[in-house]
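Examination of the molecular architecture
The chain contents come next:
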Amino acid sequence: MINPKLELLTPDNCQVIFIDQQPQMAFGVQSIDRQTLKNNTVGLAKAAKIFSIPTIITTVETESFSGYSYPELLSVFPEAPILERTSMNSWDDQKVRDALKKNGRKKVVVSGLWTEVCNNTFALSAMLEGGYEIYMVADASGGTSQAAHDYSMQRMIQAGVVPVTWQQVLLEWQRDWKNRGTYDGVMELVKEHSGAYGMGVDYAYTMVHMAPQRTVHGPILAPVAALV
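Residues numbered from 1 in each chain as written. Predicted model: local features only at pLDDT ≥ 70, side-chain atom pairs only at ≥ 80, totals over all residues. Heavy atoms only, no water.

The element strand β2 (residues 55–60) is largely enclosed, with a buried count of 6 among its 6 residues. The pairing of strand β1 (residues 14–19) with β2 spans 4 bridges and is parallel. Residue pairing across strands places Ile17 opposite Ile56, the latter belonging to β2. In terms of strand pairing, β2 meets strand β3 (residues 82–85) through 4 bridges, oriented parallel. The residue bridging Val60 from the neighbouring strand is Arg85, located in β3. (Buried < 20%, exposed > 50% of the residue type's maximum accessible area, 1.4 Å probe, protein only. Helix = DSSP H or I, 4+ residues; strand = E, 2+ residues; numbered from the N terminus. Pairing = 2+ DSSP bridges.)

The next subject is the pairing of strand β5 (residues 133–137). Walk down a regular strand and you will see the side chains alternate between the two sheet faces. Burial analysis of β5 places 5 of its 5 residues in the buried class, which makes it a mostly covered element. Here β5 shows two buried faces, one formed by Glu133, Tyr135 and Val137 and the other by Ile134 and Met136. Sheet analysis places strand β4 (residues 107–112) next to β5, joined by 4 bridges and oriented parallel. From the neighbouring strand, Val109 faces β5, where its bridge partner is Tyr135.

Moving on to the packing of helix α2 (residues 34–50) against helix α9 (residues 180–193). Running from N to C, α2 and α9 cross one another at 175°; their axes reach a closest spacing of 10 Å. One element, α2, and the other, α9, form an angle in the roughly antiparallel class. Across the interface between the two elements, Asn39, Val42, Gly43, Lys46, Ala47 and Ile50 from α2 touch Thr182, Gly185, Val186, Leu189, Glu192 and His193 from α9. (Axes fitted to C-alpha atoms, helices over the stretch in contact; angles between N-to-C directions. Parallel < 35°, antiparallel > 145°, perpendicular 65-115°, else oblique. Contact = heavy atoms within 4.5 Å.)

Here we take up the environment of Ser69. Relative to the assigned elements, Ser69 resides in the loop between α3 (62–66) and α4 (71–74). According to the relative accessible area criterion, Ser69 is buried, its value standing at 5%. Sequence separation between Ser69 and Ala226 is 157 residues, and the spatial gap between their C-alpha atoms is 51 Å.

On the surface, Tyr203, Met207 and Val208 cluster together into a nonpolar patch covering about 350 Å² of accessible area. Looking at where Met207 falls in the secondary structure, it is placed in helix α10 (residues 195–208). For Met207, a relative accessible area of 49% corresponds to the partly exposed category. (Patch = residues over 30% accessible without salt bridge, like charges linked within 9 Å, V, L, I, M, F, W, Y side chains within 5 Å. Areas by Shrake-Rupley, 256 points an atom, 1.4 Å probe, with all protein chains shown as cover. Salt bridge = Lys/Arg side-chain N within 4 Å of Asp/Glu carboxyl O.)

These figures capture arrangement, not role.
Given below as structure tokens:
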């Protein structure tokens with residue numbers, strides 16, 4: 001039998017779940033810069049939108065502790081239900097199990113907080129009891145310390161979880177630049193969320209290919225030497 005983890009992620013063989021991407025949970029994250037975490041999380045969400053990947057958003061104790069999910073994340077999927085829970089383990093909530101099953105895809109791409117609690121328990125339970133393959137987006141997840149994140153990732157990897165990064169997932173879904181239906185969307189996402197890579201795309205488009213700048217700005221005033 002072929003190892004299913006050798007299969008590349010495609011828009012047709014996986015689903016995405018965001019677990020507890022909420023402000024109070026983010027406040028406790030120490031393993032990654034929190035602005036970077038938010039950027040990567042929203043970038044992954046927009047990637048899922050571009051490729052029409054079935055996506056689940058689940059939250060824990062929103063009004064009593066954790067706060068509402070980032071507006072930037074929710075705005076990507078304005079019609080999506082938010083699956084509220086009490087358990088730190090998303091697998092314990094039947095709504096989550098039902099949503100995963102309804103999507104009908106065994107490969108599950110996971111972004112969540114915290115790595116050592118909500119991500120870990122969900123991943124192990126979903127693999128053991130649901131037979132799912134878990135792809136943990138390490139840079140769109142965070143733990144309460146670097147050690148907490150790293151050792152949790154190691155524990156999951158030892159159990160069979162596949163570690164990935166958000167941009168790796170994006171480009172694996174795109175796979176071939178001849179796939180023009182998603183090309184423009186991917187390029188816009190890269191320019192907005194991919195840091196130096198995005199800057200490079202802007203530079204190449206405007207300076208090499210002479211494309212217009214993607215923003216409107218005021219006039220460029222020529223240099224004028226100051227009077228001595």
